[in-house]
Amino acid sequence: MRRARGAAVSLPVQVIEPIRFVAKNMRLDQRLIAQMIKPGSRVLDIGCGDATLIDHLFRTRGCDARGIEIDMAEVTRAVAHGLPVMHGDADNDLAYYPDGAFDYVVLSRTLQAVERPREVLRHMLRIGTRALVSFPNFGHWQVRWQLLRTGKMPVTAVWGRPWYDTPNIHPCTIADFFELCADEGYLVEEWLAVDETGGRSPWRRSARLANLFGEQALFLLKKV
Amino acid sequence: MDGTESLPIAHQHVRFTDGMMLECGTKLPELVVAYRSYGTLNEARSNAVLICHALTGDQYVIERHPLTGRSGWWDNVVGPKLPIDTDRFFVICANVLGGCMGSTGPLSPKGCDPSELWGMDFPPITIRDMVLAQKRLVDHLGITKLFAVVGGSMGGMQVLEWAATYPDMVYAALPIATAALHSAQNIAFNEVGRQAITSDPDYRGGRYWRQGAVPERGLAIARMMAHITYLSEAALTRKFGRRLRTGTAVSFVADTFEVESYLQHQGSTFVRRFDANSYLTITRAMDYFDLAAEYEDDLALAFAGTRTRFCVVSFSSDWLFPTAQSRDIARALNRAGANVSFVEITSDKGHDAFLLDEPDFHRALSGFLAGCAEHAGLP
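Given the structure is predicted, the values throughout are model-derived calculations rather than measurements.

A. Layout of the confidence of the model for chain B. Taken residue by residue, chain B gives an average pLDDT of 95. The fraction at 70 or more is 98%. Scoring the predicted complex yields pTM 0.91 and, for the interface, ipTM 0.88.

Right under this line is the structure:
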């Protein structure tokens, strides 16, 4: 990720694609998230990437939206576009925000990559009234089938990296997440499962079916 | 009487005959603020950008320096179509209080007799005093709200002080490569510099100016040492490595490494443009700086309720004002609920990077200002 600039001598080096801290290839359609956010809200987007959602929320919904991003190149890009983004990460920086500072705290496609998902969720619902969380569903039938058939860690379009080279250290299923919400006392105000392109899936009434066929899930949480 | 009489150059300035009360309790009988401005102030007086210069900087941001003849210290950042666009913004930079380029400082007359200077009797000043002096200038120019206050290093300290002291006058603040307090390590470096100056026989107890002397040796050593802290090991290695100026191999007779002659050059050019007592005064002001101490030791309180938009910038190889110190500022701003961007620019050029050609930094700077201008409704 670090590039030396202006070096007098540049040696030919093998370009190794760095591990992305968020898996861009399983991006949930950000319009779905934006639709759940009331206009004029204060929003914090954790793992905001180049801040597309922040820009969208500011321009179309009049939100005061800010972001945190771990990838410095993305932060620089976002700031260079005039968007309020700070370098930081979900595990270490949420503690520095005051209680109730935001109406919504968004964590899209990042929960599975943080060190302490439960603590991150607690912070999200401390600093925000509502939390919007999306994550790839490890309960999807393809994942289950691959593990059953091959006995090896599944590699799918959504879970695209081998086990030794993935930032996704805390995969969970939709059922797991419902359970965590119940344990922590979070009210699930809304939830939906979507396919890879972000389209809503027909099994939204059944959590069991969603856990089998949904590639990604989006939850809107509130503290009870 | 012209306050610039004792100086070889007439700096553009404004004089406040009612003086100024300093934080230390001493009152300056009169205050002169030397400044330069670039661009045009719009009718609404809403496009003013104040630039705060660093320890050895001055108000000649983009012009040929009247003493050294060198180009402005930030002419790669400020100017038409540059990140701080003078076609769009009215850019102001004042020589800091205690400086030696026309503002009230150790080279200013102490009383009515123009030949009797403050010298080492100049009272101790603080970053807050510097900001108060700039505020007088900004008021004088009829500007009630600055669109942005921007500065690196000691300039960044002034930016923080501006945002904390006059939050309603600052729409956007850019503290760059700076800290909310001067660390023990920074104070230590400054002290070595000061000792070098005061132990030079030509310092003459601070009264060198009476006899037309200059503590050149001490001032040059102070500058040389400070200059090392502005660079990174990588930058020094890249620029000089172990190359010799005196030949291709070590001869054990009067060998000079290139880095040595570079530093000596830095030292000798510095003494021609900087006053030793100013150096002592300003480094002390930096040492005193601890913004949180003014707010019950809680930096977040300094920015409580602020509506200013912040962009905190650090450089990855800066070990004088390391990223961790910028992160502390950003986190305090978060605790205060402020709108803050924070970016660490990847660079191997050390603390000096904020003055150099760093495209990512310049993009972040112009993007942040453009975003703020949009929010402020600035045309």
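B. Here's a closer look at the interface of chain B and chain A. Taken together, the contacts link 25 residues of chain B with 23 residues of chain A. Per-element accounting of the side of chain B that touches chain A gives the leading share, 8 residues, to helix H10 (residues 359-376) of chain B. For the side of chain B that touches chain A, the per-class residue count stands at 8 nonpolar, 8 polar and 9 charged.

C. Expanded view of the domain arrangement of chain B. Along its sequence, chain B is carved into domain 1 (13-185 + 287-376) and domain 2 (187-282). A breakdown of the residues in the side of domain 1 of chain B that touches domain 2 of chain B according to their chemical character gives 13 nonpolar, 11 polar and 4 charged.

D. Main features of the environment of B:Arg194. Residue and element names in this part refer to chain B. Summarising the element assignment, arginine 194 is placed in helix H3 (residues 184-198). Its 18 C-beta neighbours within 10 Å are what place arginine 194 among the partly exposed residues. Spatially, the C-alpha atom of arginine 194 lies 23 Å from that of leucine 291, the residues being 97 residues apart in sequence. Not counting the four nearest positions on each side in its chain, arginine 194 is found in contact with Leu280 and Thr283.

E. Representation of the nonpolar core in the model. Residues and elements named next belong to chain B. Counting residues in each nonpolar core, the largest one holds 171 residues, and the members touching the most others are Val49, Ala148 and Val149. Of the domains in this structure, domain 1 (13-185 + 287-376) and domain 2 (187-282) are the two that each give at least three residues to this core. Residues contacting alanine 148, with those up to four places away along its chain left out, are Val49, Tyr171, Ala172, Leu174, Leu369 and Cys372.

F. Broad picture of the packing of helix H3 (residues 72-80) of chain A against H10(B). Running from N to C, H3(A) and H10(B) point in directions that differ by 40°, and their axes come no closer than 7 Å. When the interaxial angle is binned, H3(A) and H10(B) end up oblique. Of the residues in H10(B), those in contact with A:Thr76, A:Val79 and A:Ala80 of H3(A) are B:Asp360, B:Arg363, B:Ala364, B:Gly367 and B:Phe368. Taken together, the residues that form the contact of H3(A) with H10(B) break down as 4 nonpolar, 2 polar and 2 charged.

Each value, and the rule that gives it
Residues numbered from 1 in each chain as written. Chains lettered and ligands numbered in written order. Predicted model: local features only at pLDDT ≥ 70, side-chain atom pairs only at ≥ 80, totals over all residues. pLDDT = per-residue confidence, 0-100. Contact = placed C-beta atoms within 7 Å. Helix = DSSP H or I, 4+ residues; strand = E, 2+ residues; numbered from the N terminus. Nonpolar A, V, L, I, M, F, W, Y, C, P; charged D, E, K, R; others polar. Domains from an automatic or database assignment. Buried ≥ 20, exposed ≤ 12 C-beta atoms within 10 Å, placed from the backbone. Core = buried A, V, L, I, M, F, W, Y, C linked by C-beta atoms within 7 Å. Axes fitted to C-alpha atoms, helices over the stretch in contact; angles between N-to-C directions. Parallel < 35°, antiparallel > 145°, perpendicular 65-115°, else oblique.

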